[in-house]
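As a plain string of letters, each chain reads:
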Amino acid sequence: NGYIGKEKVSASKQNNYITAKVTETDVYMDYQTYTFEITNNSDKTILLSNPNKDSSMYIQDKNGMQYESYTHEISLAELKILPKETRKLTIKYYSKYGSNKKINSIMFSKIILDYDSYSIDNDNYNNYGTIEIKL
């Protein structure tokens, strides 16, 4: 099935609205998955990314190459995190295996910080956050 192996990861980043912790990665020939523990530190529901609009979740290698997430495999409900909630989430990324490929960071570049406001008028919404986890 193209499985290469599993690696434990201990990396995290925190800011006022989110704590993102990476716990492990599974590497396959055609893709890579990362498992996260995401905590919403705010008093509003957040959305890590809108899977129907764009891919703002990606991993980046040492050469600056970005590999997007498989957003079509993630439901809106999985990406929506209630106030003070911690959720375990596994995200799959387009990243073919390479023996000397080194992933340096994971990026959530367009976190919707107030899902309730966003769901009312997403065309004019502009309250986004970003978090980058260095590996």
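Cut-off values and rules
Residues numbered from 1 in each chain as written. Predicted model: local features only at pLDDT ≥ 70, side-chain atom pairs only at ≥ 80, totals over all residues. Heavy atoms only, no water. Buried < 20%, exposed > 50% of the residue type's maximum accessible area, 1.4 Å probe, protein only. Helix = DSSP H or I, 4+ residues; strand = E, 2+ residues; numbered from the N terminus. Pairing = 2+ DSSP bridges. Lys, Arg positive; Asp, Glu negative; His and termini not counted. Salt bridge = Lys/Arg side-chain N within 4 Å of Asp/Glu carboxyl O. Polar contact = N/O pair within 3.5 Å; in protein donor to acceptor, adjacent residues only side chain to side chain. Contact = heavy atoms within 4.5 Å. Core = buried A, V, L, I, M, F, W, Y, C linked by side-chain atoms within 4.5 Å. Patch = residues over 30% accessible without salt bridge, like charges linked within 9 Å, V, L, I, M, F, W, Y side chains within 5 Å. Areas by Shrake-Rupley, 256 points an atom, 1.4 Å probe, with all protein chains shown as cover.

Some thoughts on the pairing of strand β10 (residues 128–134)
Sheet faces and side chains relate simply in a regular strand, where the side chains alternate between the two faces.
Step number 1: Side chains of β10 alternate between two faces, with G129, I131 and I133 buried and Y128, T130, E132 and K134 left unburied.
Step number 2: Pairing between strand β9 (residues 103–112) and β10: 6 bridges, direction antiparallel. Residue pairing across strands places F108 opposite I131, the latter belonging to β10.

What about the side chain of D61?
Step number 1: Position of D61 relative to the elements: it lies in strand β5 (residues 57–61).
Step number 2: Of the side chains with opposite charge, K101 comes closest to the buried, unpaired D61, at an N-O distance of 5.8 Å.
Step number 3: A polar side-chain atom of D61 sits 2.9 Å from the main-chain amide nitrogen of M65.

Digging into the environment of Y94
Step number 1: Along the chain, the position of Y94 falls in strand β8 (residues 86–94).
Step number 2: Note: C-alpha distance between Y94 and T45 (49 residues apart in sequence) is 28 Å.
Step number 3: Sequence-distant contacts of Y94, that is, excluding residues within four places in its chain, are made with Y67, E68, S69, Y70 and H72.

Focus: the nonpolar core
Step number 1: Formed by 32 residues in total, the largest nonpolar core has its most connected members in F36, L48, I106 and F108.
Step number 2: In terms of residue count, the dominant contributor to this core is β9 (5 residues).
Step number 3: When sequence neighbours within four positions are dropped, the list of residues in contact with L48 reads I18, I38, S56, M57, L79, I81, L89, F108, K110 and I111.

Here we look at the pairing of strand β3 (residues 31–40)
Step number 1: Counting buried residues in β3 gives 7 out of 10 residues, a clear majority hidden from the surface.
Step number 2: Here strand β2 (residues 18–28) pairs with β3 via 9 bridges, running antiparallel. Opposite V22, over in β3, you have F36 as the bridge partner.
Step number 3: Here β2 folds back onto β3, and the loop between the two strands holds 2 residues.

Thoughts on the side chain of T35
Step number 1: Here T35 lies in strand β3.
Step number 2: Classification of T35 by relative accessible area gives buried; the value is 4%.
Step number 3: Beyond its immediate chain neighbours, meaning those up to four positions away, T35 contacts K21, V22, T23, E24, K88, L89 and T90.

Focus: a nonpolar patch on the surface
Step number 1: A contiguous nonpolar surface patch, about 270 Å² in accessible area, is contributed by I4, M29 and Y97.
Step number 2: Position of M29 among the secondary structure elements: in the loop between β2 and β3.
Step number 3: M29 sits in the partly exposed class, given a relative accessible area of 41%.

Topic: the pattern of salt bridges
Oppositely charged side chains may form a pair once their charged atoms are brought near each other.
Step number 1: By the definition in use, this model includes 9 salt bridges.
Step number 2: For E85, the salt bridge goes to R87, with nearest N and O atoms at 3.0 Å.
Step number 3: Residue classification places E85 among the partly exposed positions, given a relative accessible area of 21%.
Step number 4: Through salt bridges with shared partners, a single network forms among K6, K8, E24 and D26.

Functional significance is not addressed by these values, which are geometric in nature.
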